[in-house]
Amino acid sequence: MGSNVDVDVLVVGAGITGIHQLYRAREAGFSVQLLEAGDGPGGTWFWNRYPGARFDSESYSYAYLFSKELWEEWEWQEHFAGQPEIERYLNHVVDKFDLRRDMRFGARVTSASYDEATATWKVRTSDSKAITARFLVAATGILSVPFFPDVPGRDDFRGEQHHTGLWPSTPVDFADKRVAVVGTGSSGVQIIPVIAQEAAALTVYQRTPNWCTPLNNAPITDDQQAWLRADFAAIKETLDTSPAGFLHQMHDRKAAEDDERQRHQFFEKMWASPGFSKLTSNYTDLFFDADTNAQWCEFVADKVRSLVHETAVADKLIPKDHRFGEKRPPFVTGYYESFNQPNVSLVDLSETPIVRVTEAGIETTAGSREFDLIVWATGFDFGTGALLRMGIQGRDGLALADHWADGPTTFLGVQTEGFPNFFFPGGPHAAAGNNPRYNGDQVDFITDLLVHARDHGYDLIEVDPAAEQAWVAMIERNVARQSFTEKSYYFGTNVPGKPRRFLLNSGGRPKLHKEIAKIKSNDYKAFRLSTVQGS
Ligand code: N01
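Residues numbered from 1 in each chain as written. Predicted model: local features only at pLDDT ≥ 70, side-chain atom pairs only at ≥ 80, totals over all residues. Heavy atoms only, no water.

Caption draft 1: Fine view of the overall build of the protein. A tally of regular secondary structure across the protein gives 18 helices and 20 strands. Against the compact-globule benchmark of 24 Å for 535 residues, the protein has a radius of gyration of 24 Å, which places it among compact chains. Dimensions of the protein, computed from the C-alpha atoms along their principal axes, are close to 75 × 60 × 45 Å. Looking at the protein as a whole, 56% of its 535 residues qualify as buried. Across the protein, the fraction of contacts at a sequence separation of at least 24, relative to all contacts at a separation of at least 6, is 71%. Accessible area of the protein: about 21,700 Å², with a carbon and sulfur share of 49%. Both charge centroids of the protein, one from 54 positive and one from 71 negative side chains, sit 2 Å from each other. (Helix = DSSP H or I, 4+ residues; strand = E, 2+ residues; numbered from the N terminus. Rg over C-alpha atoms; globule rule 2.2 N^0.38 Å. Buried < 20%, exposed > 50% of the residue type's maximum accessible area, 1.4 Å probe, protein only. Contact = heavy atoms within 4.5 Å. Areas by Shrake-Rupley, 256 points an atom, 1.4 Å probe, with all protein chains shown as cover. Lys, Arg positive; Asp, Glu negative; His and termini not counted. Charge placed at Lys NZ, Arg CZ, Asp CG, Glu CD.)

Dropping the structure here:
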């Protein structure tokens, strides 16, 4: 596409989105290279290899849909695959489509600068290499920078300590060990039941409980495998168009349309349903009617009380500070039951906060406990974390970190003004829901945009500022209409000093689809396309 570049498209990140982008850009005839900091493909599913890590979207809804052949040949073993199976799948995809030859592992991007004269990006990596690309696509993920709380003494601890989001590839042995887990978000509640089975003693440090409901995982039966194979076109159509990217059917009624007995029966059905269907297929007013939400919360609270033997422990595990859906709810397998084991205890940090980590363990205001191993399940610098630490500089040397000092501004969550030829699918202003579906929409759109530019002889693509302002205004306008509150890390709340801005697309996937259709019918006028002198 140009003689002054090493590649047309440089992709950063070998997660689900980056692999997809590499595939699509190469298929469209661009020269592509992909840089990845880790030693293998997987992104989130490479780094979060902690025991118990698994999908909580159905495996087949999460998988790629760009190849029917791939769909038909890969037989997922479980409705919600565990991390090892996911990593195997992604390696299979990379090998099947011969993508590995364009992937460089162990290469962390340390800087990326836009050159105005040539409209190219110069990217440097931790292995002291430089590469020049026409288009830079950062598929660096929203949950890829682990967050360690600023607890005094963390480095003093003499035992082993790991973050769930940076889990080692060599096995971690919990047997006969005294283990602490700090954090009870989706990662914490997945690892806790596994450690509980193996450790001599497990102490769970919980600051805020979550509304956890059962994942209800199961092996995929032969009949279900046959259905998955027979119905690819219909399944793809549903996943490509559904608002949250799931196969789940929406319910047809509000809570008040049922009597008390029917409501209880329906909640039982929800409790027994798989994963996110408790959000997508629940009463249609679950997030809009406080009374409906309160009834569901009370139902879940009763379940917790019935599962956890000690009343005081059960009470601590029931959220008091937020309603269901105000934070991203985790899905669990045997989590509540773990607290009935004699080797498991719960420390409520809202009553007795952590004072410091010591050489031997963790000290709270209630005293100290000694550990051999501490697991930090304390989350991520969501949304912008990865992009802001890459040393990205756009037009006139503007650092992305300065440009977004008050929070991210984007158009469609794919581009921002002042950073021409730079795209970030699956980054800030992506939608809540089944990530690969929404991120895949963005990858497809970016690829179509690149092809459109090439077909018309353009090599410079930059969003029209008015289009970006309208998109940001739409996001701000709709924040009040979605269910998440500022208690959620979706607002950056969990990272001290981070601006409080909603980091997702509050208009959701339908809004993205509508906007993309409009842009295409309008000949991509939301972007300024031009030709670089002498290219
Ligand atoms: O992180 P989190 P996560 N002292 O931010 C606590 C995806 N995911 O890694 O709530 C003590 O949710 C914090 O407490 P509080 C999914 O999108 C998916 O668990 O801030 N505790 C909280 O309990 C998920 O939402 C799967 O009071 C501290 C925890 O650490 C996202 O990743 C599996 C603390 C952090 O929870 C993030 O989940 C896993 C402190 N100083 C993850 N600081 C699937 O199933 C923080 N905490 C697909």
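Now that the structure has been shown, we can carry on.
Caption draft 2: Local environment of helix H8 (residues 232–241). Three or more residues of H8 are buried, namely Phe232, Ile235 and Leu239. Buried residues of H8, seen end-on, are gathered within an arc of 70° and therefore sit on one face of the element. (Arc of directions from axis to C-beta.)

Caption draft 3: Highlighting the sheet that holds strand E13 (residues 354–357). As summarised here, the arrangement of the 3 strands in space is E13-E14-E15, forming an open sheet in which the pairing is antiparallel. Taken across any chain shown, the strands that pair with only one partner, and hence form the sheet edges, are E13 and strand E15 (367–370). Here the strands of the sheet are splayed against their neighbours by 20° on average, with no regard to which way each runs. The pairing of E13 with strand E14 (residues 361–364) spans 3 bridges and is antiparallel. Bridge pairing in E14 places valine 357 opposite isoleucine 362. (Pairing = 2+ DSSP bridges. Axes fitted to C-alpha atoms, helices over the stretch in contact; angles between N-to-C directions.)

Caption draft 4: Looking closely at the environment of glutamate 78. Considering the arrangement of structural elements, one finds glutamate 78 in the loop between helix H4 (68–73) and helix H5 (83–96). The spacing of glutamate 78 and arginine 389 is 311 residues in sequence and 36 Å in space, taken between C-alpha atoms. Once residues within four sequence positions are removed from consideration, glutamate 78 is found in contact with Arg54, Ser59, Glu85, Asn217, Ala218, Pro219 and Ile220. Polar contacts involving the side chain of glutamate 78 include one to the side chain of arginine 54, which spans 3.2 Å. (Polar contact = N/O pair within 3.5 Å; in protein donor to acceptor, adjacent residues only side chain to side chain.)

Caption draft 5: Broad picture of the domain arrangement of the protein. We note that the domain assignment places domain 1 (7–37 + 106–145 + 382–530) and domain 2 (181–376) within the protein. The C-alpha centroid of domain 2 is placed 31 Å from the C-alpha centroid of domain 1. Listed by partner, the interface residues are 14 residues for domain 1 and 16 residues for domain 2. Summed over both sides, the interface of domain 1 with domain 2 buries roughly 1,200 Å², with 54% coming from carbon and sulfur. Contact with domain 2 buries surface across domain 1, with Ser483, Lys487 and Arg509 losing the most and accounting together for 39% of the total. (Domains from an automatic or database assignment. Buried area = accessible area lost by both parts, 1.4 Å probe.)

Caption draft 6: Structural detail: the site of the ligand. Taken together, 25 residues lie near the ligand, and Thr184, Ser187, Arg207, Thr208 and Tyr489 sit nearest. Backbone polar atom of threonine 184 to an oxygen atom of the ligand: 2.9 Å apart, as the coordinates give it. Between arginine 207 and the ligand, the recorded distance is 2.9 Å, taken from a side-chain N or O atom to an oxygen atom. Calculation on the ligand without its partners gives an accessible area of 920 Å², and the protein chains cover 86% of this total. (Near = heavy atom within 4 Å.)

Caption draft 7: Local environment of the pattern of salt bridges. Inspection of every chain in the model, using the stated rule, returns 33 salt bridges. Across the pair glutamate 326 and arginine 323 runs a salt bridge, and its minimum N-O distance is 3.1 Å. When its relative accessible area of 30% is taken as the criterion, arginine 323 is described as partly exposed. The structure contains a network of salt bridges with shared partners spanning Arg26, Asp98, Arg101 and Asp102. (Salt bridge = Lys/Arg side-chain N within 4 Å of Asp/Glu carboxyl O.)

Caption draft 8: Fine view of unusual backbone geometry. Residue asparagine 421 is not a glycine yet carries a positive backbone phi of 60°. Considering the arrangement of structural elements, one finds asparagine 421 in the loop between helix H15 (400–403) and strand E18 (422–423). Its relative accessible area of 0% is what places asparagine 421 among the buried residues.

Caption draft 9: Spotlight on empty space enclosed by the protein. One pass over the structure, following the stated rule, counts 2 cavities of 30 Å³ or more. Reported here for the largest cavity is a volume of approximately 90 Å³. If you go around the largest cavity, the residues you meet are Tyr60, Ala63, Tyr64, Leu70, Trp71, Trp74, Glu75, Trp76, Tyr89, Gln225, Leu228 and Arg229. Among the elements of the structure, H4 and helix H7 (222–230) are those that each provide at least two residues to the lining of the largest cavity. Looking at the lining of the largest cavity, the element that brings in the most residues is H7, giving 3 residues. Tallied by class, the residues present in the lining of the largest cavity amount to 9 nonpolar, 1 polar and 2 charged. Here the second largest cavity defines a volume of roughly 50 Å³. Ile16, Thr17, His20, Tyr62, Ala63, Tyr64, Pro436, Arg437, Asn439, Gly440 and Val443 are the residues that line the second largest cavity. For the lining of the second largest cavity, the secondary structure elements donating two or more residues are helix H1 (16–27) and helix H16 (435–455). (1 Å grid on protein atoms, 1.4 Å probe; cavity = no way out; pocket = protein on both sides within 12 Å on 5 of 7 lines; lining within 4 Å. Points joined across faces, edges and corners; volume = space filled by probe spheres on them. Nonpolar A, V, L, I, M, F, W, Y, C, P; charged D, E, K, R; others polar.)

Caption draft 10: Quick look at the sheet that holds strand E9 (residues 201–206). The parallel open sheet is built from 5 strands, whose spatial order is E7-E16-E8-E9-E12. Every interior strand has two partners, whereas the edge strands, strand E7 (160–163) and strand E12 (344–348), have only one. Here the strands of the sheet are splayed against their neighbours by 15° on average, with no regard to which way each runs.

Caption draft 11: Representation of the layout of surface pockets within the structure. A volume near 210 Å³ is recorded for the second largest pocket. Taken together, Glu260, Arg263, His264, Phe267, Glu268, Gln295, Glu298, Phe299, Asp302 and Lys303 make up the lining of the second largest pocket. Those elements that provide at least two residues to the lining of the second largest pocket are helix H9 (260–271) and helix H11 (290–307). Among the residues forming the lining of the second largest pocket, the class breakdown is 2 nonpolar, 2 polar and 6 charged.

Caption draft 12: Focus on the packing of H1 against H16. Contact geometry of H1 with H16 gives a least axis separation of 10 Å together with a crossing angle of 30°. By the angle between their directions, the pair H1 and H16 is classed as roughly parallel. Relative to H16, the crossing made by H1 is right-handed. Here H1 contributes Ile16, Thr17, His20, Gln21, Arg24 and Ala25 to the contact with H16, which in turn contributes Pro436, Asn439, Gly440, Val443, Asp444, Ile446, Thr447 and Asp448. Classifying every residue of the contact of H1 with H16 by side-chain character gives 5 nonpolar, 6 polar and 3 charged. (Parallel < 35°, antiparallel > 145°, perpendicular 65-115°, else oblique. Left-handed = near helix turned anticlockwise from the far one by under 90°.)

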